[in-house]
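Residue-level listing of the chains:
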Amino acid sequence: MGVRIGVLDLQGDVSEHLLAFREALALAGRDRGSSVVPIRSAGEITGCDGLAVPGGESTTIARMVDRKGMRKPILEFPGGIFATCAGLILLASAVEDDRRFSPLGILDVTVRRNAFGRQRESFEQDLRFQGEDEPFHAVFIRAPVITRTGARVRILARIPRGIVAVAQERHLGVAFHPELSRDRRLHLKFLEGLQV
Ligand code: GLN
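**Q** Explain the pairing of strand β10 (residues 154-159) to me, please; I cannot follow it from the model alone.
**A** Here is the key point about a regular strand: its side chains alternate between the two faces of the sheet. Here β10 runs beside strand β11 (residues 162-168); their pairing, made up of 5 bridges, is antiparallel. By the bridge assignment for β11, Arg154 is matched with Ala167. Counted along the chain from β10 to the antiparallel partner β11, the turn is 2 residues long.

**Q** Sorry, what's going on with the environment of Val109 here?
**A** Tracing the sequence through the fold places Val109 in strand β6 (residues 109-112). Placed 76 residues apart in sequence, Val109 and Arg185 show a C-alpha to C-alpha distance of 23 Å. Each residue touching Val109, except ones within four places of it in the same chain, is listed here: Ala92, Ser93, Ala94, Ile146, Arg148, Thr149, Val153 and Val166.

**Q** Explanation requested: the pairing of β6 in the structure shown.
**A** One ladder, built from 2 bridges, connects strand β5 (residues 94-95) with β6; its direction is parallel. Considered in β6, the bridge of Val95 is made with Val111. With 4 bridges joining them, β6 and strand β9 (residues 145-149) adopt antiparallel strand pairing. Bridge pairing links Val109 to Thr149 in β9.

**Q** I tried to follow helix α2 (residues 58-67) on my own but got confused; where do I start?
**A** Here α2 has its buried residues at Ser58, Thr59, Ile61, Ala62, Met64 and Val65. Where α2 is buried, its residues meet β1 (4-8), α3 (71-75) and α4 (86-91). Taken from the residues just after α2, Gly69 is the one with a positive phi, measuring 65°.

**Q** Explanation requested: unusual backbone geometry in the structure shown.
**A** If a residue is not glycine, its phi is most likely negative; likewise, a peptide bond is most likely trans. In this structure, Asp97 is a non-glycine residue whose phi angle is positive, near 50°. By secondary structure assignment, the location of Asp97 is in the loop between β5 and β6. Of the residues examined, Asp97 reaches a relative accessible area of 77% and is grouped as exposed. Positioned with a positive phi, Arg142 is a non-glycine residue whose angle comes to about 40°. With respect to the helices and strands, the residue Arg142 is situated in the loop between β8 (136-141) and β9.

Cut-offs applied
- Residues numbered from 1 in each chain as written.
- Predicted model: local features only at pLDDT ≥ 70, side-chain atom pairs only at ≥ 80, totals over all residues.
- Heavy atoms only, no water.
- Pairing = 2+ DSSP bridges.
- Helix = DSSP H or I, 4+ residues; strand = E, 2+ residues; numbered from the N terminus.
- Contact = heavy atoms within 4.5 Å.
- Buried < 20%, exposed > 50% of the residue type's maximum accessible area, 1.4 Å probe, protein only.

Listed below in structure tokens is the structure:
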């Protein structure tokens, strides 16, 4: 059955996510009848089965979400949300030591922004995911880490500095940029979790 995926198109890594989802749908043999669309206005959110909130700059994305009246439709969105990097910060319940915006509180996690400091602004690391034999080669760019998870949250991957991938119901939250890897397993996992 066709699935409709929206990628929040306000700022950040939008085109890479659009491409990654199109590739994942093709790999899953589900591209016919499915669509992957950029979301620029609040009205476009309903009608999607899944929504991706890309990496970028969380303060900018948060400001635009509010300016475009998207906070409520995202909070009420019944589908799954794939929150990556800045998107993870936006969907968190709390952001440590940062009061620049109020996060949406969809994922029951606390995050720390720019957790790797200036020396390691960006790096790549192989991650072990539970139940996966092959590691996932992850690209971290001024990445946050998750410092607390609530009872409904399942930890999928961690590195010594903290938790970097979680699942909560149909949602996935990752601290890195899965759309920048060639590996489409996380986009596929998100699509499977939608149960559409
Ligand atoms: N450090 C950025 C922020 O605070 C996130 C970086 C990213 O999305 N690559 O929003």
